[in-house]
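Residue strings, one per chain:
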Amino acid sequence: MSRGINTRCLHLQETEGQVNNYGSLSFPIYQTATYAHPGVGRSTGYDYSRLQNPTREHLEKIVAGLENGKEAFALSTGMAAITLLFELFRPGDHIISEADLYGGSIRLFDNVSKKNGLQFTYLNGASDDIESAIRPDTKAIYIETPTNPMMNVSDIEKIAQICKKHGLLLIVDNTFLSPYFQNPIQLGADIVIHSGTKFLGGHNDTLAGFIVTSNDEIIEKLRFLIKTTGAGLAPFDSWLLIRGIKTLGVRMEKAQQNALELASWLKEQKAVTKVFYPGLPEHPGYEVMKKQARGFGSMITFNVDTKEHALKILEEVKMIKYAESLGGTETLITYPTTQTHADVPEEVRLRNGITPCTLRLSTGIEDVEDLKAELAEVFSKLN
Ligand SMILES: *Cc1c(COP(=O)(O)O)cnc(C)c1O
């Protein structure tokens, strides 16, 4: 019987059996570039750390287990993971992508992938007719759910069925919920992406990215690509991720509890015109979330009445930090227009619903009363 997810965040070392690290509960950091060979034509299984490193491998096994995938690959950042993944495609290939994505992904697709000959159609995965966008050269559908930052929710199982019918790969960026709340491979996705910088690392202190899959052909290709292109996660960063993941469950639960309270509280504020949080029953994705995920996460996007008020909130926060990124222990507030989505053309931003009045909150694990008290003080200064 498979162990529960909190146990799987902690106890891979002993179940693996092959390592006896003097009883060390903390997995060793194999800080080495290369490995001595016992003889000619012989190998310890490790040749060079660009190809394999025991600390990175240990992390990869943990993440593969959490996502119920066969294999995970740990990369230096989330963007390195997505960039490596797109090496699977060839010039001429067509990808259907969710329109509202992390700004860095849109920047990659529009400025690098297109130059390399890939073609993209952007759709709203929650409401548009995906099937009618499929062409003979379509190879994959790429989604986030919920999306960054507008929190649109699409039905993974439904899109997976379309992919199966047309022989397309379904790629899901699962950063916003982490494997603790959602497992896209179980819902029919072929490939899962994570920015490990966010909830998996969880402490706003290191960058990482993951690709997870159970498809043997893709695993083989990715192994070759990581060896060839060289963006594998460094041993010390791998160890930080192993340590961060130990508390994934308690962090996700506490941050979600705070987010549920803050989302309801924000709705009551005079300056707030709309709250986008899929844990609110009026959110259009609420029922789909209940069906496909075990939680709603801790990301809240909201609109205020004026751009001046949005900027004033960013100026006035103190304990809550005005910063990019998300998914860490500390609560952060982000301004997508000039930060995460600055490189997305304005008309695309506006079409996706990102306005100069839009703010994104990554709820941390502080005492919720302190978060509310600070926000109440900030909001009291708006007029
Ligand atoms: C942050 C983020 C990324 C990129 O990850 P990095 O680790 O910053 O490179 C990709 N997708 C989503 C949804 C993100 O939030």
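Residues numbered from 1 in each chain as written. Predicted model: local features only at pLDDT ≥ 70, side-chain atom pairs only at ≥ 80, totals over all residues. Heavy atoms only, no water.

**A short note on the site of the ligand**
Next up, step 1: Close to the ligand lie 13 residues, the nearest being Gly78, Asp173, Ser195, Thr197 and Lys198.
Next up, step 2: Separating an oxygen atom of the ligand from a side-chain N or O atom of Asn148 is a distance of 3.3 Å.
Next up, step 3: Here the ligand loses 93% of its free accessible area of 380 Å² to cover by the protein chains.
Next up, step 4: Partitioning the shell around the ligand into residue classes produces four nonpolar, six polar and three charged. (Near = heavy atom within 4 Å. Polar contact = N/O pair within 3.5 Å; in protein donor to acceptor, adjacent residues only side chain to side chain. Areas by Shrake-Rupley, 256 points an atom, 1.4 Å probe, with all protein chains shown as cover. Nonpolar A, V, L, I, M, F, W, Y, C, P; charged D, E, K, R; others polar.)

**Quick look at the nonpolar core**
Next up, step 1: Phe302 and Phe379 are the most contacted members of the largest nonpolar core, which has 68 residues in total.
Next up, step 2: For this core, the leading source of residues is helix 10 (residues 248-267), giving seven residues.
Next up, step 3: Each of two domains, domain 1 (5-245) and domain 2 (248-380), supplies a minimum of three residues to this core.
Next up, step 4: Excluding residues that lie within four positions of it along the chain, Phe302 makes contacts with Leu266, Val272, Lys274, Val275, Phe276, Ile333, Cys357, Thr358, Leu359, Leu361 and Phe379.
Next up, step 5: Residues Leu75, Tyr142, Ile193 and Val348 belong to the second largest nonpolar core, which totals 31 residues. (Core = buried A, V, L, I, M, F, W, Y, C linked by side-chain atoms within 4.5 Å. Buried < 20%, exposed > 50% of the residue type's maximum accessible area, 1.4 Å probe, protein only. Helix = DSSP H or I, 4+ residues; strand = E, 2+ residues; numbered from the N terminus. Domains from an automatic or database assignment. Contact = heavy atoms within 4.5 Å.)

**What to know about the sheet that holds strand 7 (residues 209-213)**
Next up, step 1: Reading across the sheet, the seven strands line up as 1-7-6-5-4-2-3 and stay open at both edges, with mixed pairing between neighbours. Two strands lie at the open edges of the sheet, namely strand 1 (71-75) and strand 3 (119-123), each paired on one side alone. Along the sheet, successive strands turn relative to each other by an average axial angle of 20 degrees, direction set aside.
Next up, step 2: The strands touched by helix 6 (residues 156-166) are strand 4 (138-144) and strand 5 (169-173); relative to strand 5, the strand with the most contacts, the crossing angle is about 155 degrees.
Next up, step 3: The strands that helix 8 (residues 216-229) touches are strand 1, strand 5, strand 6 (191-195) and strand 7; relative to strand 1, the one it contacts most, it runs at about 25 degrees. (Pairing = 2+ DSSP bridges. Axes fitted to C-alpha atoms, helices over the stretch in contact; angles between N-to-C directions.)

**Observations regarding the pairing of strand 6**
Next up, step 1: Burial within strand 6 is extensive, with five of its five residues counted as buried.
Next up, step 2: Burial of the side chains of strand 6 extends over both faces: Ile191, Ile193 and Ser195 are buried on one face and Val192 and His194 on the other.
Next up, step 3: Note that strand 5 and strand 6 share three bridges and pair parallel. By the bridge assignment for strand 6, Asp173 is matched with Ile193.
Next up, step 4: The pairing of strand 6 with strand 7 spans five bridges and is classified as antiparallel. Opposite Ser195, over in strand 7, you have Gly209 as the bridge partner.

**Examining the domain arrangement of the protein**
Next up, step 1: Here the protein is partitioned into domain 1 (5-245) and domain 2 (248-380).
Next up, step 2: Once you take the C-alpha centre of each, domain 1 and domain 2 turn out to be 25 Å apart.
Next up, step 3: Contacts between the two partners involve 42 residues from domain 1, matched on the other side by 40 residues from domain 2.
Next up, step 4: Together, Met150, Phe181 and Phe199 form the three largest contributors to the area buried by domain 1 at its contact with domain 2, with a combined 23%.
Next up, step 5: Between Asp343 and Arg107 there is a salt bridge, and its shortest N-O distance comes to 2.7 Å.
Next up, step 6: Counting across the interface, domain 1 meets domain 2 through 22 residue pairs in polar contact (both at pLDDT 80 or more). (Buried area = accessible area lost by both parts, 1.4 Å probe. Salt bridge = Lys/Arg side-chain N within 4 Å of Asp/Glu carboxyl O.)

**Regarding the environment of Thr77**
Next up, step 1: Along the chain, the position of Thr77 falls in the loop between strand 1 and helix 4 (78-85).
Next up, step 2: Among the residues examined, Thr77 registers a relative accessible area of 24% and is labelled partly exposed.
Next up, step 3: When the C-alpha positions of Thr77 and Asn183 are compared, they lie 20 Å apart, and in sequence the two are 106 residues distant.
Next up, step 4: For Thr77, the residues in contact, after removing those within four places along its chain, are Leu207, Ala208 and Gly209.
Next up, step 5: A distance of 3.3 Å separates a polar side-chain atom of Thr77 from the backbone nitrogen of Met79.

**Side note on the pattern of salt bridges**
Should the charged atoms of two oppositely charged side chains come close, the side chains can pair.
Next up, step 1: In this structure the tally under the stated criterion is 15 salt bridges.
Next up, step 2: Residue Arg56 is joined to Glu60 by a salt bridge in which the shortest nitrogen-to-oxygen separation is 3.8 Å. Separated by four residues within a single helix, Arg56 and Glu60 lie in helix 3 (residues 54-66), roughly one turn from each other. For the pair formed by Arg56 and Glu60, the shared burial category is buried.
Next up, step 3: With its nearest N and O atoms 3.7 Å apart, the salt bridge here joins Lys381 to Glu377.
Next up, step 4: We classify Lys381 as partly exposed; its relative accessible area is 32%.

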